[in-house]
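Structural overview for review
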Amino acid sequence: MTIKAAKLLNGTEMPFIGIGTGGKAADDSTTREMLRKAFDAGYRHIDTAAIYGTEHVVGEVLEEYIQSGRLKREDVYITTKLAQCNHKPEFVRPALKCSLKRLRTDYVDMYLIHNPVTYQNQGTLEQFIPDLPNYKFDVEHDIAETWHELEQLYKDGLVKGIGLSNFNAKQVEYIVEKAKEIKPMNDQVELHIHFPQKELRHTCKKHGIVVTAFAPIGCPGKKSDPKYNWPSDGPIDDPVTVKLAEKHKKTPAQILLRHLIQHAIVVIPKSTNPVRIQQNIEIFDFELSLEEMDELDAIDSRPRLYPMKINLGHPDYPFDDVTSQ
Ligand code: NAP
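Here the structure is a predicted model, which is why all the values come from computation and not from measurement.

The rules behind each value
Residues numbered from 1 in each chain as written. Predicted model: local features only at pLDDT ≥ 70, side-chain atom pairs only at ≥ 80, totals over all residues. Heavy atoms only, no water. Helix = DSSP H or I, 4+ residues; strand = E, 2+ residues; numbered from the N terminus. Contact = heavy atoms within 4.5 Å. Buried < 20%, exposed > 50% of the residue type's maximum accessible area, 1.4 Å probe, protein only. Near = heavy atom within 4 Å. Polar contact = N/O pair within 3.5 Å; in protein donor to acceptor, adjacent residues only side chain to side chain. Areas by Shrake-Rupley, 256 points an atom, 1.4 Å probe, with all protein chains shown as cover. Nonpolar A, V, L, I, M, F, W, Y, C, P; charged D, E, K, R; others polar. Phe/Tyr/Trp six-rings, centres within 6.5 Å; stacked < 30°, edge-to-face > 60°. Lys NZ or Arg CZ within 6 Å of the ring centre and 35° of its normal. 1 Å grid on protein atoms, 1.4 Å probe; cavity = no way out; pocket = protein on both sides within 12 Å on 5 of 7 lines; lining within 4 Å. Points joined across faces, edges and corners; volume = space filled by probe spheres on them. Salt bridge = Lys/Arg side-chain N within 4 Å of Asp/Glu carboxyl O. Axes fitted to C-alpha atoms, helices over the stretch in contact; angles between N-to-C directions. Parallel < 35°, antiparallel > 145°, perpendicular 65-115°, else oblique. UniProt positions renumbered as here; feature names shortened; annotations may be inferred. Arc of directions from axis to C-beta.

With that out of the way, let us pick up the environment of Ile143. When you line up the elements, Ile143 lands in helix H4 (residues 143-155). C-alpha separation for the pair Ile143 and Tyr174, spaced 31 residues apart in sequence, amounts to 9.4 Å. With residues up to four places along the chain from it excluded, the contact list for Ile143 reads His87, Ile113, Pro116, Thr118, Phe167, Tyr174 and Ile175.

As for its position among the elements, Pro235 is in the loop between strand S9 (210-214) and helix H7 (239-248). On the accessibility criterion, Pro235 (2% relative accessible area) is buried. Once the C-alpha coordinates of Pro235 and Ile193 are considered, the two residues, 42 residues apart in sequence, prove to be 6.1 Å apart.

The environment of the ligand is made up of 30 residues, and the closest members are Asp47, Ser271, Thr272, Arg276 and Tyr306. Ala215 places a polar main-chain atom, nitrogen or oxygen, 3.2 Å from an oxygen atom of the ligand. Asn280 has a polar side-chain atom sitting 2.9 Å from a nitrogen atom of the ligand. Summarising the interface, the protein chains cover 88% of the accessible area of the ligand, which totals 900 Å² for the free molecule. Looking at the shell around the ligand residue by residue, the classes come out as 13 nonpolar, 13 polar and four charged.

We now examine the packing of aromatic side chains. The full count for this structure, using the stated rule, is seven aromatic pairs. Taken together, a centroid distance of 5.1 Å and an interplanar angle of 50 degrees make the contact between Phe39 and Tyr65 tilted. Of this pair, Phe39 sits in helix H1 (residues 28-41) while Tyr65 sits in helix H2 (residues 55-67), placing them 26 residues apart in sequence. An identical accessibility class is assigned to Phe39 and Tyr65; each is buried. An angle of 75 degrees between the planes, with centres 6.4 Å apart, marks the rings of Tyr119 and Tyr135 as edge-to-face. Separated by 16 residues along the polypeptide, Tyr119 in the loop between strand S6 (110-113) and H4 and Tyr135 in the loop between S6 and H4 bring together distant segments of the chain. The exposure classification of Tyr119 matches that of Tyr135, with both residues buried. Through a chain of ring-to-ring contacts, three or more aromatic side chains come together here, namely Phe214, Tyr228, Trp230 and Tyr306. Lying across the ring of Tyr228, Lys222 places its NZ or CZ 4.7 Å from the centre. Stacked on the ring of Phe286, the Lys or Arg Arg258 has its end atom at 5.8 Å from the ring centre.

Its volume calculated, the second largest pocket comes out at about 420 Å³. Lining the second largest pocket we find 22 residues, and of these Asn168, Ala169, Glu199, Pro318 and Asp320 sit closest to its centre. Of the residues that constitute the lining of the second largest pocket, the class distribution is 10 nonpolar, five polar and seven charged.

Let's shift gears to the pattern of salt bridges. Inspection of the entire model under this criterion finds 18 salt bridges. Taking the shortest distance from any N to any O, the salt bridge between Lys81 and Asp47 comes out at 2.8 Å. Of this pair, Lys81 sits in strand S5 (residues 77-82) while Asp47 sits in strand S4 (residues 45-47); the two residues are 34 residues apart in sequence, bridging distant segments of the chain. Connected through shared salt-bridge partners, Glu33, Arg36, Glu64 and Arg70 make up one network.

Time to look at the packing of H2 against helix H3 (residues 89-103). The relative placement of two packed helices comes down to the angle between their axes together with the axis-to-axis distance. Where H2 contacts H3, the two axes come as close as 6 Å, and the packing angle between them is 45 degrees. Considering their axes alone, H2 and H3 lie oblique with respect to each other. Contact with H2, carried on its side by Glu55, His56, Val58, Gly59 and Leu62, involves Ser99, Arg102 and Leu103 of H3 and no other residues of that element. A per-class count over the contact of H2 with H3 returns three nonpolar, three polar and two charged.

This part is about the UniProt feature "site: Lowers pKa of active site Tyr" (unreviewed entry) in the protein. When the UniProt feature table is mapped onto this chain, "site: Lowers pKa of active site Tyr" (unreviewed entry) is found at Lys81. Classification of Lys81 as buried rests on a relative accessible area of 1%. Contact partners of Lys81, with chain neighbours within four places excluded, come to Asp47, Thr48, Ala49, Ala50, Tyr52, Tyr111, Leu112, His114 and Gln188. Only 2.8 Å separates the side chain of Lys81 from the side chain of Asp47, close enough to count as a polar contact.

Right, let's talk about helix H5 (residues 169-178) for a bit. Think of an α-helix as turning once every 3.6 residues; residues three or four places apart then point the same way. Every buried residue of H5 is listed here: Ala169, Gln171, Val172, Ile175 and Val176. Mapping the buried residues of H5 onto a view down its axis gives an arc of 165 degrees, with all of them on the same face. What points out from H5, more than 90 degrees from its buried face, is the exposed set Lys170 and Glu177. Close packing links the buried residues of H5 with H4, strand S7 (162-165), strand S8 (186-190) and helix H6 (198-206). Sitting at the amino-terminal end of H5 is Asn168, which places a side-chain oxygen 3.1 Å from the backbone nitrogen of Lys170.

Shown next, in the form of structure tokens:
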């Protein structure tokens, strides 16, 4: 199976599908098995972050596959993200070094600023645990200073690509304008048929920025967990998705993922279920017609699933749709 890739501004390529390792907490052995299954199924792109607590498992499984000769480092695209308490210039490089150590590699393929909202550093580079009572906003920090550090990491070869996550259209424009030499290559945001992010996509396209969709199938696993108050009829249950799945003899998730990659959007679904890990990558052997794409594109937008309200109140809180509710 050939996995197509999105071309980034610097000419490198990000595979259109990756496996997510964040979201609902899984123990290390579940994540380890998930990654083995993903590599065996053909995934060559892993999405992680300092705050997920999964980088060390990614490093372990990567090393296992490299040492056994099944993979070479350059076969795998690794995205990781800078935690919100490490935005100040003096913390950026040491934080990346911690990630590289956990990932058992000397570079990552894509390094993202996880969120535009900055927290004060409380003396640890290791993790940002948002519910620690002593984490406080840093409202003075200019996120462009963080970007300039990422530019330097890129120039030094520690990261092969740099980008953003959860930045809105205005904030993307701000970084493009303030970048010294290297513009953002990627913005990773919530994106699916019920939250299509049309304005942001337009801005990113204008600047040649590849968009990555997190929660591309609407994270249906959270429906059964009372802790999350998740909508019971998410993207996977939408009548249009279900109808097209029956028509193409594919699963609803495959329809949603195919829809996004046909829009040249990278997808990073997470599944710890071996059957679904396999199914989710089988999206390169069929095509949605223009009419079918239009039908999926015409579905009304709903409130985002991940408002990240812990960041509300900070001047860089990115989600205007939440603050205007
Ligand atoms: P998601 O990929 O849309 O959904 C994952 C959930 O869907 C899991 O509960 C999984 O359960 C279920 N699932 C997976 N495939 C399925 C299928 N074919 N049919 C039915 N259910 C299926 O949402 P997500 O995990 O929130 O997001 C994906 C990744 O994006 C994360 O892992 C993380 O890497 C990244 N992310 C980034 C940010 C950010 O701020 N940048 C925020 C959130 C997420 P099973 O395991 O039982 O299959």
